[in-house]
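Chain by chain, the residues run as shown.
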Amino acid sequence: TGGVTTIDPGYKNTGSCESAITFLDGEKGILRYRGYSIEELADKADFLEVAYLLIFGELPTQAQLDKFHADIKEQSVVDEDVKKILDAFPKSAHPMGVLSSLTSALTAFNPSSVNVESEEDMYKAIVKILGKFPVLVAWTLRKKQGLPLDYGDKNLGYVENILKMMFKQPNEEYKQNPILVNALDKLLILHADHEQNCSTSTVRIVGSAHTSLFASLSSGISALWGPLHGGANQAVLEMLNGIQEDGGDTKKYMAKAKDKNDPFRLMGFGHRVYKNFDPRAKIIKVAADEVLSDLGIEDPILDIAKGLEKEALEDKYFVDRKLYPNVDFYSGIIYRGMGIPTDMFTVMFALGRLPGWIAQWREMRLRKEPIGRPRQVYIGENRRDFKDIKNR
Ligand code: SDX
């Protein structure tokens, strides 16, 4: 049988590791980073502070945070030859595929980040990727738009500079908009870590072979791309747009979602762990209202989303299966309000999840976890003799 007697599809009931980073309770809808509630962090911290907390375990002092940001800024330059790889992609390439490739390619331009054993070497690789990944994100967006690639401004905050690199129009002064900066900061915090989800487990298992941090993160980006995982935020907007174009007939889509013969799923609903409201979805739903009204945007898509949510919460099929809105259900509505293109939504998820992936990879390495290598139950052919091709 290959050594085991039972399997656990999708690891629904398997604990892969011990971790001190994130705690979540699916029944109670609780999410904490290093013991701090997501509600408090989203309200009182900024993203770089939360990144520091996740990676190193404590909220930083002002001096620690300033040094962390300074070390990251020092590493915020990307080798110009990386642009040659970016140039090779067609404009139609999905940004998640571009970023998975460029993140792995960074290994070639930063050979010292490959074999890291000491905490000091890990720190150097960590500030490198925290400095360079936002640049790659901005370059990927602007390349698709045919706009010049920019490094932003070292005097800006971490999140503010990301927005500047993404949105500064040529020959225009960057108009800092605190609504957008605060909204993105909060969204990135809410996406920063989520214990052993699919992409984080991917980063851990790839990293368990002592693969470099950048190559391990590249694998995580690929896993997050999937529509059942981080790709859901893009799929939600495509679904909502489809419903709107179809005359806003949410009942038809609810029926499709419940039809076993129809592969259609209500994207942004359901969760492997949360059998209650995803606490992040609650915060993002409120933020969506605030951001859109602050920006003076009346988006009918938000009303369709709320209508769908209301129907699902009263529908036996969804209630019986404890299917509630998850983090992806409302986030895309904010990104759209911020002017972020739909195919960049999952990239924004990756930008938020980066410190969580880093924290989990670092914990796995420091705890000297063994290489990941599960077993199987063999269900194939018994032993049989080779047949020459003329006798087959
Ligand atoms: C993320 O793991 C994480 O923490 C992920 C994440 C993170 O922060 O990293 O939270 C981010 O990925 C959120 C999830 C985003 N994905 C989506 O919104 C896609 C739609 N959701 C589903 O595909 C599904 O709910 C999953 C993938 C999220 C969870 O899948 P499970 O746990 O494997 O559950 P399942 O597929 O076994 O479904 C159980 C039942 C099934 O019905 P029955 O066969 O029992 O009759 O619920 C049904 C499913 O058909 N179901 C849905 C549904 N989700 C589950 N039916 C309709 N629409 C849905 N969305």
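Residues numbered from 1 in each chain as written. Predicted model: local features only at pLDDT ≥ 70, side-chain atom pairs only at ≥ 80, totals over all residues. Heavy atoms only, no water.

### Describing the overall build of the protein
Then, in step 1: For the protein, the count of helices and strands is 17 helices and three strands.
Then, in step 2: Here the C-alpha radius of gyration of the protein, 22 Å, is about what a compact globule of 392 residues would show, namely 21 Å.
Then, in step 3: Reported as C-alpha extents along the three principal axes, the dimensions of the protein are approximately 75 × 55 × 50 Å.
Then, in step 4: Sequence separation of 24 or more characterises 76% of the internal contacts of the protein that already satisfy a separation of 6 or more.
Then, in step 5: Accessible area for the protein stands at about 18800 Å²; split by element, carbon and sulfur atoms hold 52% of it.
Then, in step 6: For the protein, the separation between the mean place of its 51 positive charges and that of its 54 negative charges on side chains is 6 Å. (Helix = DSSP H or I, 4+ residues; strand = E, 2+ residues; numbered from the N terminus. Rg over C-alpha atoms; globule rule 2.2 N^0.38 Å. Contact = heavy atoms within 4.5 Å. Areas by Shrake-Rupley, 256 points an atom, 1.4 Å probe, with all protein chains shown as cover. Lys, Arg positive; Asp, Glu negative; His and termini not counted. Charge placed at Lys NZ, Arg CZ, Asp CG, Glu CD.)

### A word on the site of the ligand
Then, in step 1: In the region of the ligand, 25 residues are neighbours, and His194, Arg265, His271, Arg272 and Arg280 sit closest.
Then, in step 2: His194 has a polar side-chain atom sitting 2.6 Å from an oxygen atom of the ligand.
Then, in step 3: Residue His271 places a side-chain N or O atom 2.6 Å away from an oxygen atom belonging to the ligand.
Then, in step 4: In the complex, 79% of the free accessible area of the ligand, which totals 1100 Å², lies under the protein chains.
Then, in step 5: Across the shell around the ligand, the residue classes tally to 10 nonpolar, seven polar and eight charged. (Near = heavy atom within 4 Å. Polar contact = N/O pair within 3.5 Å; in protein donor to acceptor, adjacent residues only side chain to side chain. Nonpolar A, V, L, I, M, F, W, Y, C, P; charged D, E, K, R; others polar.)

### Topic: the environment of Asp66
Then, in step 1: Position of Asp66 among the secondary structure elements: in helix H3 (residues 62-74).
Then, in step 2: Taking the C-alpha atoms as reference, Asp66 lies 41 Å from Asn13; in sequence the two are 53 residues apart.

### What about unusual backbone geometry?
Then, in step 1: A positive phi angle, close to 50°, is found at Lys322, a residue other than glycine.
Then, in step 2: Along the chain, Lys322 falls in the loop between helix H15 (316-320) and helix H16 (327-337).
Then, in step 3: The class of Lys322 is partly exposed, set by a relative accessible area of 38%.
Then, in step 4: Located in the positive-phi region is Lys368, a residue other than glycine, with phi close to 55°. (Buried < 20%, exposed > 50% of the residue type's maximum accessible area, 1.4 Å probe, protein only.)

### A word on the packing of helix H7 (residues 158-167) against helix H8 (residues 178-190)
Then, in step 1: As a packed pair, H7 and H8 sit with axes 9 Å apart at the nearest point and diverge in direction by 115°. Classified by the angle between their axes, H7 and H8 sit roughly perpendicular to one another. By crossing handedness, the relation of H7 to H8 is classed as right-handed. Only Leu180, Val181, Leu184, Asp185 and Leu188 of H8 make contact with H7, whose side of the interface consists of Val159, Glu160 and Leu163.
Then, in step 2: Looking at side-chain class alone, the contact of H7 with H8 contains six nonpolar, no polar and two charged residues. (Axes fitted to C-alpha atoms, helices over the stretch in contact; angles between N-to-C directions. Parallel < 35°, antiparallel > 145°, perpendicular 65-115°, else oblique. Left-handed = near helix turned anticlockwise from the far one by under 90°.)

### As for the UniProt feature "active site" (unreviewed entry) in the protein
Then, in step 1: As recorded in UniProt, the sites labelled "active site" (unreviewed entry) are His271 and Asp328. Spatially, the listed residues are clustered: although they cover 58 residues, their C-alpha atoms lie within 10.4 Å of one another.
Then, in step 2: Position of His271 relative to the elements: it lies in the loop between helix H12 (250-258) and helix H13 (279-294).
Then, in step 3: Residues in contact with His271, not counting those within four places in the same chain, are His194, Asp278, Arg280 and Asn326.
Then, in step 4: In terms of polar contacts, His271 uses its side chain to reach the backbone amide nitrogen of Val273, at 2.9 Å. (UniProt positions renumbered as here; feature names shortened; annotations may be inferred.)

### Section: the side chain of Arg142
Then, in step 1: Mapped onto the secondary structure, Arg142 falls in helix H6 (residues 119-145).
Then, in step 2: Excluding residues within four positions of it along the chain, Arg142 makes contact with Leu147, Pro148, Leu149, Met165, Met166, Phe167, Lys168 and Pro170.

### Some points on a positive patch on the surface
Then, in step 1: A grouping of Lys12, Lys260, Arg265, Arg272 and Arg321 is seen on the molecular surface, where their side chains present a positively charged patch.
Then, in step 2: Within the secondary structure, Arg321 is located in the loop between H15 and H16.
Then, in step 3: On the basis of relative accessibility, which here comes to 39%, the residue Arg321 falls in the partly exposed class. (Patch = residues over 30% accessible without salt bridge, like charges linked within 9 Å, V, L, I, M, F, W, Y side chains within 5 Å. Salt bridge = Lys/Arg side-chain N within 4 Å of Asp/Glu carboxyl O.)

### Focus: the nonpolar core
Then, in step 1: Core analysis: the biggest nonpolar cluster contains 114 residues, and Tyr33 and Leu266 have the highest contact counts within it.
Then, in step 2: Discounting chain neighbours no more than four positions away, the residues touching Tyr33 are Ile21, Thr22, Ile38, Leu41, Val50, Leu53, Leu54, Ile189, Leu190, His191, Ala192 and Asp193. (Core = buried A, V, L, I, M, F, W, Y, C linked by side-chain atoms within 4.5 Å.)

### Description of helix H5 (residues 95-109)
Then, in step 1: Taking 1.5 Å per residue, 15 residues should reach 21 Å; H5 reaches 21 Å between its end C-alpha atoms and fits that length.
Then, in step 2: In terms of residue burial, H5 counts as a mostly covered element, since 11 of its 15 residues are buried.
Then, in step 3: Listed as buried for H5 are Pro95, Met96, Gly97, Val98, Leu99, Ser100, Leu102, Thr103, Ala105, Leu106 and Thr107.
Then, in step 4: For H5, the secondary structure elements touched by its buried residues are helix H4 (82-87), H6, helix H10 (213-225) and helix H17 (345-366). (Expected span 1.5 Å × (residues − 1).)

### What to know about the pattern of salt bridges
Note that side chains of opposite charge can pair when their charged atoms are close.
Then, in step 1: Throughout the structure, instances matching the rule amount to 26 salt bridges.
Then, in step 2: Lys143 is paired through a salt bridge with Asp87; the nearest N and O atoms lie 2.8 Å apart. One end of the pair, Lys143, is in helix H6; the other, Asp87, is in helix H4, with 56 residues separating them in the sequence.
Then, in step 3: Across the salt bridge formed by Lys144 and Asp343, the nearest N and O atoms sit 3.1 Å from each other. Placement of the pair is Lys144 in helix H6 and Asp343 in the loop between H16 and H17, with a sequence separation of 199 residues.
Then, in step 4: One network of salt bridges, with partners in common, ties together Glu18, Arg367 and Glu369.

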